[in-house]
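Here are the chains, one letter per residue:
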Amino acid sequence: MSPELLLVQALNGLQFGILLFLVAAGLTLVFGVMDFINLAHGVQYMLGAYFGASLAAATGSFWLGLLLALPAALLAGLVLEFLVFRHLYDRDHLAQVLATFGVILFLNEGVKLVWGAAPLQMPIPALLEGGVALMPGLQYPIYRLGIIGAGLATALLLWFLVDRTRAGMLVRAGATNPEMVSALGVDIRRLFTLVFGFGAMLAGFAGVMAAPILSVEPGMGDTPLILAFVVIVIGGIGPIRGAFVAALLVGLIDTLGRAAMPDLMRLFLAPSPARQAGAAIASMLVYILMAAFLAFRPAGLFPVRTG
Amino acid sequence: MREWVVPLVLFAGLAAAPFAGFGEGYALTLLARTMILGMAAVGLALLVGGAGLVSLGHAATLGVGAYAVVVLDANGITDATTVLPVAIAAAALFALATGAISLRTSGVHFIMITLAFGQMAFFTASSLAAYGGDDGYTLFSRTEVAGTRLLEDRLAFHYVCLGLLGLTYLFCRAALAARFGRVLRAARENALRVRAVGLDPYPYRLLAYVLAGAIGGLAGVLLANAAEFVAPSYLSWQRSGELLFMVILGGLGSLHGAILGALAYVLLEEWLSHLTEHWRMIFGPLLILSVLFFRGGLAGLLAPRQRR
Amino acid sequence: MTADPLLRIEGLSKRFGGLTVTDEVWLDVLPGEIHAVIGPNGAGKTTLINEVSGVVAPDSGRILFGGLDITRLSMPRRIRAGLARSFQITCVLPGFSVLENVALAAQARDGSSFRFLRPVAKEARLNAAAREALDAVGLADRATMPAGALSHGEKRQLELAIALATRPRLLLLDEPLAGAGPEETERLIALLDRLRSDYAILLVEHDMRAVFALADRISVLVYGRVVATGAPAAIRANPEVRAAYLGEDEA
C-alpha cells in the first residue's frame, strides 16, 4: 500500500474515530454517572442523522438542518428518558438491557414507517465541498477534515466542561459516588437528566455529521453502538480522555485494518480467498484488540473507578 | 412435588400437541421453533438466572452450531454421529474462548463484551462467501440419523426436539440443584463470600458458560434442520436480545419459565407479524412494558415460588 | 512452651496513594492462643486482616502460614490452606437460608464442587456439619430463616459459624462483637474462650473488656505501626500505649 493511500486511510480512520468518540462520550458519561447501560444510545445517533437529513431537505440548507437537528435530537432523548429510562435507574442491568433493546426495536421500525426503508440522502454543504491537496496529486475531502475539526473542537469543549466547570465537577463526583453527591443536596435527578440530554445531543451531532458520507437508513446506529462499547471497554468507564484515545485507536485500527488486510493476506493466499479472509479478519480486528485489552488490562487505558 | 407440576404439564402438552389439533405443518413448525429456542433459552437461563451472568451474545452459540452443520453439509457429511458432536464441540469451544476472556470482567463490562464477541461471530459468518455470506446457505439435506432421513418427517422431528429439550431441561435443573449450582447461585449473591470460604467462582462460571454454549450449539443444529437454511442473521444481536427476553418473560431463575417464554415469544411474533409489517413497533413497547411491570414472569404467575 | 507460630507476619507494609496504612508490621500468632490487635480508629486493623486473608496485596513483606509463604496466594487458596476470616461489614448470602450459608462453607471443604446430579440440599453430611457450626455459635434455631432477615448481631454469629465450618486452623476475626448487645457479647466471649483450644485466633476488637478477658497477647496498632506487643498486664501498664490509645477510652 502506497504512502499516499496510507495517509488517506489514516485520516479516514481519524475521522471515523472522532465520530465514534462523540457517540462513546455520551455513553460513558451516562454509564459512569448513572450506572445505566443504554443500548438505545445508537438510535440517538440514528435520529440525529434522520433529523439532520430531513430538516436539511426541508429548509434547503445543510447548516439549518444541523442547527435544528441538535435540539430535535435533544428533545427526542429527553422524551425517551422521561418515558422509559428514568424508570430503569434502580433496576438491574438485565432489565436495562432489555428495555433499551425494546426502544431500539421500536425506533428502528419507527423510522422505517416515517421515512421509509430506503436510505436518505444528505448533501455536503457547499462550503465544505471538494477536496484539498494534502500532497501533490493527493486530494482529500474537505468535509471529512471538517468532521475531524468539529470533533476535536467538541472534544475540547467537553474536556473543558467536565474538568473545569462546577457542573462538570458534579458529574465527575457523581460518577464515583452518587449517594454522596445527592446527600450534598444536589438534585441528582436533574444532574442525570442533564448528563443524559447532553450525551444524546453529542450522539445526534455525530449522526448529523455522518449523514452526508454514510447512508441514513434504519439500523445505522447499531454498529456504532457496539463499537462505542468496545471503545469504552478499552478506554475505561468514566473519563473522557480514555474514550477519546480509545475511539481514535479503534477508528484507526478498523479503517487501516480493512484497507490493509486483503493486501496482507495476499502474501499468503490467492486473490479471492485473500479478499475474503482479509475482510473477515479486518472486521474482527477491533474485537481482538478489545479481547487483548481485557486479557491484560481489564480496567481500561485510564481506569478511574475504585472497586 | 409442586415444583414439578408446571414442567410436567408443559412437556405433556408439547408431547400431545400434534394429536390435539396442532398436527398440521404450520403448527408443527411453530412448535418446533418454540422447542428449539426454548432449549437455547434454558441454557441461557442457567447462565443468567443461575449464575447471574447476562450474556448478550448467546445467539452466536446457536449460529456456530448451525454453521457447523453448514460446513459439514458443504463437504457432504450429514450423519448425525459426526454432525452433532462437531457442532456441539464447536459451540463449546467458542464459548470457552470467549468466556475465558469475558468472565474476567463483570457487570456492564461483561454484557458489552459478550455483545462484542457475538458481533465478531456475526461478521465472520457474513464474510464466509463459500457458505453463502450475507445471503445464507441452503442445506442439501437434513442431518441423517443412523442412515435414515428421520428428521425430514415432521412428526419425528417434533419428538426428537422434545426429547432433546427434555434432556436439556433435566440436566440444567439437576445442575442448578447440585453442588455446582449452589456455587453459581452463591457467587451471584456475593462473590466475595464464596471466595472467603475457599472457592474461586471463575472455573464454575466458565463451565456454566461452556455448558450454555454447548446447549446453544445443539439448538443450532436443530434450527438448521428445521429451516433447512442458515443465515448470518441467526447470530445477530437482535436474536441474542430475543433470547434474553424469553428468559425474563418466563421469569428469572426458572428453567421451565424459559420454555414458556419461548412459547410466548414465538406466538407473539407470529400473531404480531400477521397484524402488521411493522410489528416490531408493537413488540418493542411490549418488551419495555414487560420489563417495567411484569417482574415475576410467566412462571411467577403460574406457580408461587416458595424458595429460590 | 514455645511452639512455632502458626501465623507469621514479617515486615508487612502497604501504602494507598500517599497514605501509609501498614507500616512494617511484625506479628505472630501461636497455636492455641488468642492474639488481639487493638488500636484507634483508622489504625489499619481491618487492612491488616485484609492483607493476611488475601483481599488486599501488601507492597512489601511476607506472610507465613504454617511455614508456607502465602504472600502471593489468592484468597481462596489461603482459605483452603486453613485460614478463615469474619468480616466487619457482614458478608453473608442474604437470599440463602442460614443453614445453606454454612453448608456452602462445609461443601467447600468436602471434596469437589463439580457435581451436577445429586441435589445438594439433601447431602446429609454437609447439613450435619452446618448444624454443628450453628449449634456452636448459638444460631441453631434460625437455620431455616433467610440470612438477610437476621439481626445485625445474628449475622455476626453466622459469619463465625461459616468461618468455623471451613475447619480452619487460624481464625481472623474482625470486630466480631461490634454492635452486639450485652447478652450476645457474653455468649460470644464464652464461645471464643472455648474455641481457643482448637484454633489460633487473631482478634481485632474495640471492646476492651472482652480483649483483656480473652487475649493471651495484645498488639497495639497506631497509624499502621505496631507500637507494643505483650501480655495484657504489660500492655495496660505501657505508658506509650496509654497515651496513644487507652488514654482516650476507659480501659
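Residues numbered from 1 in each chain as written. Chains lettered and ligands numbered in written order. Predicted model: local features only at pLDDT ≥ 70, side-chain atom pairs only at ≥ 80, totals over all residues.

S.K.: Run through the overall build of chain B, naming residues and quoting values.
M.R.: Each helix and strand in chain B was counted, giving 13 helices and two strands. Taking 308 residues into account, the globule formula puts the C-alpha radius of gyration at 19 Å, and chain B, at 19 Å, falls close to it. Dimensions of chain B, computed from C-alpha atoms along their principal axes, come out at roughly 55 × 40 × 40 Å. Long-range pairs, those at least 24 residues apart, make up 78% of the contacts in chain B between residues at least 6 apart in sequence. (Helix = DSSP H or I, 4+ residues; strand = E, 2+ residues; numbered from the N terminus. Rg over C-alpha atoms; globule rule 2.2 N^0.38 Å. Contact = placed C-beta atoms within 7 Å.)

S.K.: So, the arrangement of the chains: which residues are in play, and what are the values?
M.R.: Ranking the two pairs of chains in contact by contact count places chains A and B at the top. Nowhere do chain A and chain C come into contact; their C-alpha atoms are at least 12 Å apart.

S.K.: Provide a residue-level description of the packing of helix 3 (residues 59-74) of chain B against helix 5 (residues 107-126) of chain B, including the pertinent values.
M.R.: Packed helix pairs are specified by the crossing angle of their axes together with the interaxial distance, meaning the distance between the axes. Residues and elements named next belong to chain B. Contact geometry of helix 3 with helix 5 gives a least axis separation of 9 Å together with a crossing angle of 30°. Comparing their axes, helix 5 and helix 3 come out roughly parallel. Here helix 3 and helix 5 pass one another in a crossing that is left-handed. On the side of helix 3, the interface is formed by Ala59, Ala60, Gly63, Val64 and Tyr67, while helix 5 contributes Phe117, Gly118, Ala121 and Ala125. Residue classes in the contact of helix 3 with helix 5 are distributed as seven nonpolar, two polar and no charged. (Axes fitted to C-alpha atoms, helices over the stretch in contact; angles between N-to-C directions. Parallel < 35°, antiparallel > 145°, perpendicular 65-115°, else oblique. Left-handed = near helix turned anticlockwise from the far one by under 90°. Nonpolar A, V, L, I, M, F, W, Y, C, P; charged D, E, K, R; others polar.)

S.K.: Describe the nonpolar core, listing the residues and the values that go with them.
M.R.: Core analysis: the biggest nonpolar cluster contains 290 residues, and A:Val230, A:Val231 and B:Ala41 have the highest contact counts within it. Ranked by residue count, the leading element in this core is helix 1 (residues 3-34) of chain A, at 16 residues. The residues contacting A:Val231, other than those within four sequence positions of it, are A:Leu20, A:Ala24, A:Ala243, A:Ala246, A:Ala247 and A:Val250. (Core = buried A, V, L, I, M, F, W, Y, C linked by C-beta atoms within 7 Å. Buried ≥ 20, exposed ≤ 12 C-beta atoms within 10 Å, placed from the backbone.)

S.K.: Lay out the environment of B:Ala262 in plain terms, naming residues and giving numbers.
M.R.: Residues and elements named next belong to chain B. Tracing the backbone shows Ala262 in helix 11 (residues 255-275). It is 30 Å that separates the C-alpha atoms of Ala262 and Ser127, two residues lying 135 residues apart in sequence. If we ignore the near neighbours within four places in the chain, the residues touching Ala262 are Thr34, Leu37, Gly38, Ala41 and Met246.

S.K.: Help me get a handle on the interface of chain C and chain B, residues and values and all.
M.R.: Contact with chain C, which involves 27 residues of that partner, is made by 20 residues of chain B. For the side of chain C that touches chain B, the secondary structure elements donating two or more residues are helix 2 (75-81) and helix 3 (98-108) of chain C. Considering only residue class, the side of chain C that touches chain B consists of 17 nonpolar, five polar and five charged.

S.K.: Before we move on, can you summarise unusual backbone geometry with the specific residues and values?
M.R.: Backbone phi values are negative for most residues with the exception of glycine, while trans is the configuration of most peptide bonds. The residue B:Glu228 is not glycine, and still its phi comes out positive at about 55°. Note on placement: B:Glu228 falls in the loop between helix 9 (201-227) and strand 2 (229-230). With a phi close to 50°, C:Tyr223 is a non-glycine residue in the positive phi region. Residue placement: C:Tyr223 occurs in the loop between strand 9 (217-222) and strand 10 (225-230).

S.K.: Could you give me a rundown of the interface of chain A and chain B, with the residues and numbers involved?
M.R.: Facing the 35 residues of chain A at the interface are 35 residues of chain B. For the side of chain A that touches chain B, the leading source of residues is helix 4 (residues 93-115) of chain A, giving 15 residues. Per-class residue counts for the side of chain A that touches chain B are 27 nonpolar, six polar and two charged.

S.K.: I'd love a proper account of the sheet that holds strand 5 (residues 68-69) of chain C, names of residues and values included.
M.R.: Residues and elements named next belong to chain C. Across the sheet, four strands lie side by side as 2-1-4-5; this open sheet has antiparallel pairing. The sheet is open, and its two borders are formed by strand 2 (19-29) and strand 5, each paired with just one other strand. When strand 4 (residues 60-65) meets strand 5, the two strands line up antiparallel, connected through two bridges. Counted as the bridge partner of Phe65 is Leu68 from strand 5. Its contacts with the sheet place helix 1 (residues 45-53) against strand 1 (7-16), strand 2 and strand 4, and it is angled at close to 65° to strand 2. (Pairing = 2+ DSSP bridges.)

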